[in-house]
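# Results of the structural survey
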Amino acid sequence: MPATLWSVRTSRDRLDSRTRAILIASAKRAFSELGYARTTVADITERAEVSRATFYVYFGSKDDVFRVLTERLWDEFYEAQRARSADGTDPVAVATVAVTDFVDVYAANLAFITVLEHQALTDPQLRALWHGIRERLLKRMVRFVGALVADGVAHPLAPPDMVATAASGMAVRFAPLIAAHPDDRAQIMDHLSCLYLQTLGIDSQVRTGRTEERS
């Protein structure tokens, strides 16, 4: 392919990717503000400042883009659980970063998640998709807790699946607090981290010792 044609195609691909991203972000705002039922394709295109024809180049309907948003939410939660910013050799740091990152993602997507859960009540396919996402997230947490127990780092009073379920519920409950009081995020996260580590059965000596090692 001639260099000029390759350059044109590359520029078009970048433009397509950017336009799609704008449509996805605009759809998320529309759904979060209006709910699923009240959102129209026109609401999305107005926010994206593109034509309806452009929307249909990328999506067949508002339902299509809603499902894309739901799948992207899974990607965000998955990345949060990976806790990439934590020291991978320090399981306590990984546990702390994972739960705080998870809450940040939940808080940032709280309005959309509220719409998603409401829509899932009447849409069997969407309900299955959302249920599957939550199950995968819970299973990953169960495996992580189990590994901490196996390594002798955590000593919970309940089995890993029960601990993971409790920790997930705790994170979900803290997310609205972060969303409502963003200025208090640091203090709220400190409390959450302490509660999470206590739920895992990680004693204060282990937490303090690892903090001193990192300082």
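Refer to the preceding data block for the structure.
Described in the following lines is the structure provided in the data block. Note that the structure is predicted; figures quoted are calculated from it, not measured.

Thresholds applied
- Residues numbered from 1 in each chain as written.
- Predicted model: local features only at pLDDT ≥ 70, side-chain atom pairs only at ≥ 80, totals over all residues.
- Heavy atoms only, no water.
- Helix = DSSP H or I, 4+ residues; strand = E, 2+ residues; numbered from the N terminus.
- Buried < 20%, exposed > 50% of the residue type's maximum accessible area, 1.4 Å probe, protein only.
- Contact = heavy atoms within 4.5 Å.
- Axes fitted to C-alpha atoms, helices over the stretch in contact; angles between N-to-C directions.
- Parallel < 35°, antiparallel > 145°, perpendicular 65-115°, else oblique.
- Nonpolar A, V, L, I, M, F, W, Y, C, P; charged D, E, K, R; others polar.
- Core = buried A, V, L, I, M, F, W, Y, C linked by side-chain atoms within 4.5 Å.
- Expected span 1.5 Å × (residues − 1).
- Polar contact = N/O pair within 3.5 Å; in protein donor to acceptor, adjacent residues only side chain to side chain.
- Salt bridge = Lys/Arg side-chain N within 4 Å of Asp/Glu carboxyl O.
- Phe/Tyr/Trp six-rings, centres within 6.5 Å; stacked < 30°, edge-to-face > 60°.
- Lys NZ or Arg CZ within 6 Å of the ring centre and 35° of its normal.

## Some points on the overall build of the protein
Looking only at helices and strands, one finds 10 helices and zero strands in the protein. Along the protein, from the amino end to the carboxyl end, the secondary structure elements read α-α-α-α-α-α-α-α-α-α. Counting the 215 residues in the protein, one finds 39% classified as buried. Within the protein, residue pairs in contact and separated by at least 24 positions form 65% of the contacts whose partners lie at least 6 positions apart.

## Brief notes about the packing of helix α8 (residues 160-180) against helix α9 (residues 185-200)
Contact geometry for α8 and α9: axes closest at 10 Å, N-to-C directions at 170 degrees. The angle between α8 and α9 places the two elements in the roughly antiparallel class. Residues V163, A166, A167, M170, F174, L177 and I178 of α8 pack against R185, I188, M189, L192, L195, Y196, T199 and L200 of α9. Residue composition of the contact of α8 with α9, by class: 13 nonpolar, one polar and one charged.

## Brief notes about the packing of helix α4 (residues 62-82) against helix α7 (residues 124-150)
Interhelical geometry of α4 versus α7 gives an angle of 5 degrees and a closest axis separation of 11 Å. For the element pair α4 / α7, the angle class is roughly parallel. Of the residues in α7, those touching α4 at F66, R67, T70, E71, L73, W74, F77, Y78, Q81 and R82 are Q125, L126, L129, W130, I133, R136, L137, R140 and M141.

## A few points about the nonpolar core
F31, I44, V65, F66, F77, V103 and L200 are the most contacted members of the largest nonpolar core, which has 55 residues in total. Elements with a contribution of two residues or more to this core: α1 (3-34), α2 (41-48), α4, α5 (91-108), α6 (110-120), α7, α8 and α9. When residues no more than four places from it in sequence are discounted, the contact partners of F66 are F31, Y36, F112, V115, L116, Q119 and L126. Of all hydrophobic cores here, the second largest spans six residues; its members include A83, A93, V94 and V97.

## A word on α5
With 18 residues, α5 extends 25 Å from end C-alpha to end C-alpha; this agrees with the ideal 26 Å at 1.5 Å per step. Most of α5 sits inside the fold, with 14 of its 18 residues counted as buried. Sitting at the amino-terminal end of α5 is D90, which places a side-chain oxygen 3.1 Å from the backbone nitrogen of V92.

## Observations regarding the pattern of salt bridges
Applying the stated rule across the entire model yields six salt bridges. Residues R67 and D63 are paired through a salt bridge, measuring 2.9 Å at the closest nitrogen-oxygen approach. In this pair, R67 and D63 are both assigned in helix α4, four residues apart and thus about one turn of the helix distant. Among the residues examined, R67 registers a relative accessible area of 17% and is labelled buried. For D63, a relative accessible area of 21% translates into the label partly exposed. Within this structure, D63, R67 and D123 form a network of salt bridges that share partners.

## Some details on the environment of S193
When you line up the elements, S193 lands in helix α9. Each C-alpha atom of the pair S193 and T100 lies 7.3 Å from the other, and the pair is 93 residues apart in sequence. Setting aside chain neighbours within four positions, we find S193 in contact with T96 and T100.

## What about the packing of aromatic side chains?
In this structure the tally under the stated criterion is 10 aromatic pairs. For the pair F66 and F112, a centre-to-centre distance of 5.1 Å together with 45 degrees between the ring planes defines the contact as tilted. Pair noted here: F66 is in helix α4 and F112 is in helix α6, with a separation of 46 residues, a long-range link. Neither F66 nor F112 differs from the other in exposure class; each is buried. Taken together, the aromatic side chains of F31, Y36, F66 and F112 make up a single cluster linked through ring pairs. In this arrangement the basic side chain of R136 is found over the ring face of W74, its NZ or CZ atom lying 4.3 Å from the centre.

## Let's talk about α2
Listed in full, the buried residues belonging to α2 are V41, D43, I44, T45 and A48. E49, located one to two residues past α2, shows a positive phi value of around 60 degrees.

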